[in-house]
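Fold and geometry: a report
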Amino acid sequence: DGKPPKFQPPPKPVIIDRKTQKEERRFLSPEFIPPRGRTDPLKYYIERKDMIQRRKVFNIPEFYVGHVLAVTTADPYASDKSNRFVGICIQRGGKGLGATFVLRNVIEDQGVEICYELYSPRIQAIEVLKLEKRLDENLMYLRDALPEYSTFDVNMKPVSRMDHEEIPVNKLQVRMKPKPWSKRWERPKYNIKGIKFELPEHKMKAAQKWSQPWLEFDLLREYDTSKIEEKIRKELREELEK
Amino acid sequence: SITGACRAVQKLTRVRVVDNSTLGNTPYHRPPKCIHVYNKTGVGKVGDKILLAIKGEKKKALIVGHKMPGPTMTPRFDSNNVVLIEDNGNPIGTRIKTPIPCILRRREGEFSKVLAIARNFV
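Report on the accompanying structure. (Residues numbered from 1 in each chain as written. Chains lettered and ligands numbered in written order. Predicted model: local features only at pLDDT ≥ 70, side-chain atom pairs only at ≥ 80, totals over all residues. Heavy atoms only, no water.)

Overview of the nonpolar core
Residues and elements named next belong to chain A. Core analysis: the largest hydrophobic core is formed by 50 residues, its most contacted members being Phe101, Tyr116 and Tyr141. Only helix 2 (41-57), strand 1 (68-74), strand 2 (82-93), strand 3 (100-107), strand 4 (110-117), strand 5 (123-130) and helix 4 (226-241) provide two or more residues apiece to this core. Sorting elements by how many residues they give to this core places strand 2 first, with five residues. Those residues within four positions of tyrosine 141 in sequence are excluded, and the remaining contacts are Asp136, Val174, Met176, Trp185, Ile192, Gly194 and Ile195. (Core = buried A, V, L, I, M, F, W, Y, C linked by side-chain atoms within 4.5 Å. Buried < 20%, exposed > 50% of the residue type's maximum accessible area, 1.4 Å probe, protein only. Helix = DSSP H or I, 4+ residues; strand = E, 2+ residues; numbered from the N terminus. Contact = heavy atoms within 4.5 Å.)

Following this line, the structure appears as structure tokens:
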């Protein structure tokens, strides 16, 4: 033909939008979920508004039990007016504005634990130094474990994270000091998977006497939070966009 | 067998002397024990003075950390720590390696000499 061939536009590039995928699975901090009870949901709604106000001013990063955090608090009695503490998060407790997390570290052979309030105005910065989840949600057994498992360098550099979607689970089995422990961690009530029990077989079997296998089937103890979480996520999205 | 460590410091609690004084660090067949707490309640918290029985002698001491959880944002130690002191408040040792809570700084007037020999603050 004399005419040039009809213009074929190049094929459109396929865009895989990872951000929207990530938003669907976004992390909801556990202190937003109201506890089970008969209190007026208005109280929790007002508390959530205050929590969101605080989060707009101060960034509280996403973290789980097992992460290594560095917290700088305002201290009127220290030189430079601020105090920095590095430690592993052992537990997260409390709901609403009184949400707390406990950081543990061993400094100069002395174990130190500090319970910080997430929404306290004294906290100036929270940095996540190492991201890793552990096998349990409560690492209180680190108090009875060998001190090497709780020591973290105070001048540790933040470990960079490449993959923005998954948080690695550290399947470390911790070795304990000889008994007696502060709590009988081998009992099934605590359901700990992160300890390497070096106890004899008959003791492990004797501990199973205290197991309550009917608890997981108890209907009255069920608390399904999926619908509540959906509502709260929607609320958060709306408030943060304002 | 022995009872577990006491959470706050009261009469007959075994304590751990934390400074580098000879009296606190020489081994003895009995651990240092508290015999009196200079407080309205008999329970000693951080910053309280107590009377210790060490090596057959009575010595005053200052509590610098206990196992009992205190107010939030304050550190909780894994052992009951104590610094040996004279009657006028002068510490006997010359260095304190273990971390000391920053709350003691509030009472700088009484504890200035102890805070001067401390190295780490938590």
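There is more to say after this.
Let's talk about the pattern of salt bridges
Once the charged atoms of two side chains with opposite charge are near each other, the side chains can pair. Summed over the entire model, instances satisfying the criterion amount to 16 salt bridges over all chains. The closest approach of N and O atoms between arginine 92 of chain A and glutamate 31 of chain A, which form a salt bridge, is 3.1 Å. With arginine 92 of chain A in strand 2 and glutamate 31 of chain A in the loop between helix 1 (18-24) and helix 2, the pair connects residues that are 61 residues apart, well separated along the chain. Judged by relative accessible area, which is 4%, glutamate 31 of chain A ranks as buried. The residue glutamate 235 of chain A makes a salt bridge to arginine 48 of chain A at a minimum N-O spacing of 2.7 Å. Here glutamate 235 of chain A is found in helix 4, whereas its partner arginine 48 of chain A is found in helix 2, with 187 residues between them in sequence. By relative accessible area, which is 9% here, arginine 48 of chain A ends up buried. In the salt-bridge network here, residues are joined through shared partners; they are Arg104, Glu113 and Arg143 of chain A together with Arg76 and Asp78 of chain B. (Salt bridge = Lys/Arg side-chain N within 4 Å of Asp/Glu carboxyl O.)

Here we look at the interface of chain B and chain A
Taken together, the 19 residues of chain B in the interface contact 23 residues of chain A. For the pairing of chain B and chain A, the buried interface totals around 1700 Å² over both sides, and the portion due to carbon and sulfur atoms is 53%. Of all residues in chain B, the largest losses of buried area upon contact with chain A belong to Met73, Arg76 and Asp78 of chain B, amounting jointly to 38% of the total for that side. Run the count over chain B and chain A and you get two salt bridges. Across the pair arginine 104 of chain A and aspartate 78 of chain B runs a salt bridge, and its minimum N-O distance is 2.9 Å. When residues in the side of chain B that touches chain A are grouped by element, the largest group, three residues, is from strand 5 (residues 75-77) of chain B. Direction of pairing for strand 4 of chain A relative to strand 5 of chain B: antiparallel, over a ladder of three bridges. Pairing of glutamate 113 of chain A across the sheet is with arginine 76 of chain B, part of strand 5 of chain B. (Buried area = accessible area lost by both parts, 1.4 Å probe. Pairing = 2+ DSSP bridges.)

In short, shape yes, function no, at least from these values alone.
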